[in-house]
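So the chains spell out like this:
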Amino acid sequence: MSTFLNDFEKFIKENKGRVFSIAEMIGDEDPEKIDIKENNACQNIYSVSKIYTVTAIGILCDRGLLRVDETVTDILGDECPEGYDPYWEKATVDMLMRHRIGFPGGFDTDVFDASDYDPDYLKEIMLKKWTCPPDTERHYNDAGYYILSRIVNKKAGKPLSLFCWENIFLPLKFKEAAWSCCPEGHAIGATALYIRVEDMIKIGGVYLNRGMYHGKRIVSEEWVRTVLERRYEFAPNGIRDSYNKGGMNGQNLLVIPSENRVVAWQGYDIHSGGPDLTKFAAEYKS
């Protein structure tokens with residue numbers, strides 16, 4: 001086991017961190033993983049799921065099948081429900097990934113009861129009235145990423161989950177994966193991707209290695225730059241040159257370019273005041 005994983009495990013245990021598993025990836029090497037507590041192999045990575053949707057969008061852009069300045073209504077066409085808020089006509093793929101749409105909230109599939117919503121999630125989302133014009137305010141929500149899931153389906157001709165299997169999960173040699181879907185069978189896109197921590201970390205390796213994984217081109221170097229410049233989910237955290245994407249209840253995917261390291265962990269932490277795992281991992285020097 002690496003010195004970092006030993007030290008990180010010790011820090012977590014000494015500070016009563018609520019972590020199940022951690023993985024480390026150096027450069028383009030295979031990930032190394034340790035379990036701190038007994039747990040199911042696959043966990044819900046919550047909003048870390050969004051970076052997989054972002055990567056699927058990037059692959060479509062690389063292939064010339066999609067542009068980030070295209071609008072939701074132009075892409076989805078007659079799939080859009082009658083009576084949708086007209087601001088959707090100005091909402092672009094780029095705005096969805098930057099959470100710059102005026103969706104009023106109330107679409108969090110991790111906490112709501114699906115039976116209380118219209119089975120047609122596209123209708124449920126697009127009929128709500130916006131609170132502000134497009135690209136004027138940031139409203140973090142899951143609704144935009146469900147729309148992105150539908151956009152992948154439209155442009156690729158197959159559901160987001162299948163597209164990811166063919167273009168991300170299998171090339172990255174995932175052991176298993178499952179993505180929760182709406183009643184009509186579309187992956188949520190924003191959350192609810194169930195994967196192993198040793199697989200979760202690999203997408204961080206793709207971005208660390210400028211779009212490559214074990215000699216395979218997953219996404220273009222240009223898309224990697226775009227994601228980091230526009231902060232499509234991955235964002236600097238103010239610690240050295242690191243950037244990360246977190247998920248509810250203690251999931252995290254952290255990239256530290258200066259250490260040529262990616263770190264991922266899964267757990268269940270709903271309490272405030274716990275140890276700062278991101279700070280420890282990002283500041284650690286080999």
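Just above, that's the structure.
Our subject in this report is the structure included herewith. Treat the numbers as computed from the prediction; the structure is a model and nothing was measured.

## With respect to the sheet that holds strand β9 (residues 243-247)
Line of reasoning, step 1. Overall, antiparallel pairing links the six strands, which are arranged β2-β1-β11-β10-β9-β8 in an open sheet. Every interior strand has two partners, whereas the edge strands, β2 (32-35) and β8 (235-236), have only one.
Line of reasoning, step 2. In the packing of helix α1 (residues 3-14) onto the sheet, the strands contacted are β1 (19-26), β2 and β11 (261-267), and the crossing angle to β1 comes to about 155°.

## Description of the side chain of glutamate 70
Line of reasoning, step 1. On the secondary structure map, glutamate 70 appears in the loop between α2 (49-62) and α3 (72-76).
Line of reasoning, step 2. Exposure remark for glutamate 70: the relative accessible area of 14% places this residue in the buried category.
Line of reasoning, step 3. At 2.8 Å, the side chain of glutamate 70 and the backbone nitrogen of arginine 67 are in polar contact.
Line of reasoning, step 4. Once you skip the residues sitting within four places of it in the chain, glutamate 70 turns out to touch Leu65, Ile75, Ala91, Thr92, Val93 and Lys155.

## Details of unusual backbone geometry
Line of reasoning, step 1. A positive phi angle, close to 50°, is found at histidine 214, a residue other than glycine.
Line of reasoning, step 2. Topologically, histidine 214 is positioned in the loop between β6 (212-213) and β7 (216-217).
Line of reasoning, step 3. Even without being a glycine, arginine 231 presents a positive backbone phi close to 55°.
Line of reasoning, step 4. Secondary-structure assignment places arginine 231 in the loop between α10 (221-230) and β8.

## Observations concerning the packing of aromatic side chains
Here a ring pair, both rings aromatic, is described through the centre-centre distance and the interplanar angle of the planes.
Line of reasoning, step 1. In the structure shown here, the tally under the stated rule is 21 aromatic pairs.
Line of reasoning, step 2. Consider the rings of tryptophan 165 and phenylalanine 169, whose centres lie 5.3 Å apart with planes at 90°: the pair is edge-to-face. Of this pair, tryptophan 165 and phenylalanine 169 both sit in helix α7 (residues 160-169), separated by four residues, roughly a single helical turn.
Line of reasoning, step 3. An aromatic cluster of three or more residues is present, and its members are Phe4, Phe8, Phe11, Trp265, Phe280 and Tyr284.
Line of reasoning, step 4. Over the ring of tyrosine 145 we find lysine 50, and its NZ or CZ is 5.8 Å from the ring centre.
Line of reasoning, step 5. The ring centre of phenylalanine 4 lies 4.6 Å from the NZ or CZ of arginine 261, which sits over that ring.

## Describing the sheet that holds strand β4 (residues 177-179)
Line of reasoning, step 1. Taken together, three strands build an open sheet; the order of strands is β3-β5-β4 and the sheet is antiparallel. This sheet does not close on itself; its edge strands, each paired only once, are β3 (43-44) and β4.
Line of reasoning, step 2. With two bridges connecting them, β3 and strand β5 (residues 193-195) associate as antiparallel partners. Note that in β5 the partner of glutamine 43 across the bridge is isoleucine 195.
Line of reasoning, step 3. Here α7 sits on the sheet in contact with β4 and β5, set at roughly 150° to β4.

## What to know about the pattern of salt bridges
Line of reasoning, step 1. Counted according to the given criterion, the structure contains 25 salt bridges.
Line of reasoning, step 2. Two residues, arginine 261 and glutamate 259, come together in a salt bridge whose shortest N-O distance is 3.7 Å.
Line of reasoning, step 3. When salt bridges that share partners are traced, they join Lys33, Asp35, Lys175, Glu176, Arg196 and Glu198 into one network.

## What about the environment of aspartate 120?
Line of reasoning, step 1. Along the polypeptide, aspartate 120 turns up in the loop between α4 (93-97) and α5 (121-126).
Line of reasoning, step 2. According to the relative accessible area criterion, aspartate 120 is partly exposed, its value standing at 23%.
Line of reasoning, step 3. Along the backbone, aspartate 120 and aspartate 35 are 85 residues apart, and their C-alpha atoms lie at a distance of 39 Å.
Line of reasoning, step 4. Those residues in contact with aspartate 120 that lie beyond four places of it in its chain are Arg150 and Glu184.

## Points about the packing of α2 against helix α6 (residues 143-156)
Line of reasoning, step 1. As a packed pair, α2 and α6 sit with axes 10 Å apart at the nearest point and diverge in direction by 30°. When the interaxial angle is binned, α2 and α6 end up roughly parallel. Note that α2 runs across α6; the crossing there is left-handed. In this structure, α2 uses Lys50, Thr53, Val54, Ala56, Ile57 and Leu60 to contact α6, whose residues at the interface are Tyr145, Leu148, Ile151, Val152, Lys155 and Ala156.
Line of reasoning, step 2. Within the contact of α2 with α6, the residues separate by chemical class into nine nonpolar, one polar and two charged.

Definitions and limits used
- Residues numbered from 1 in each chain as written.
- Predicted model: local features only at pLDDT ≥ 70, side-chain atom pairs only at ≥ 80, totals over all residues.
- Heavy atoms only, no water.
- Pairing = 2+ DSSP bridges.
- Helix = DSSP H or I, 4+ residues; strand = E, 2+ residues; numbered from the N terminus.
- Contact = heavy atoms within 4.5 Å.
- Axes fitted to C-alpha atoms, helices over the stretch in contact; angles between N-to-C directions.
- Buried < 20%, exposed > 50% of the residue type's maximum accessible area, 1.4 Å probe, protein only.
- Polar contact = N/O pair within 3.5 Å; in protein donor to acceptor, adjacent residues only side chain to side chain.
- Phe/Tyr/Trp six-rings, centres within 6.5 Å; stacked < 30°, edge-to-face > 60°.
- Lys NZ or Arg CZ within 6 Å of the ring centre and 35° of its normal.
- Salt bridge = Lys/Arg side-chain N within 4 Å of Asp/Glu carboxyl O.
- Parallel < 35°, antiparallel > 145°, perpendicular 65-115°, else oblique.
- Left-handed = near helix turned anticlockwise from the far one by under 90°.
- Nonpolar A, V, L, I, M, F, W, Y, C, P; charged D, E, K, R; others polar.

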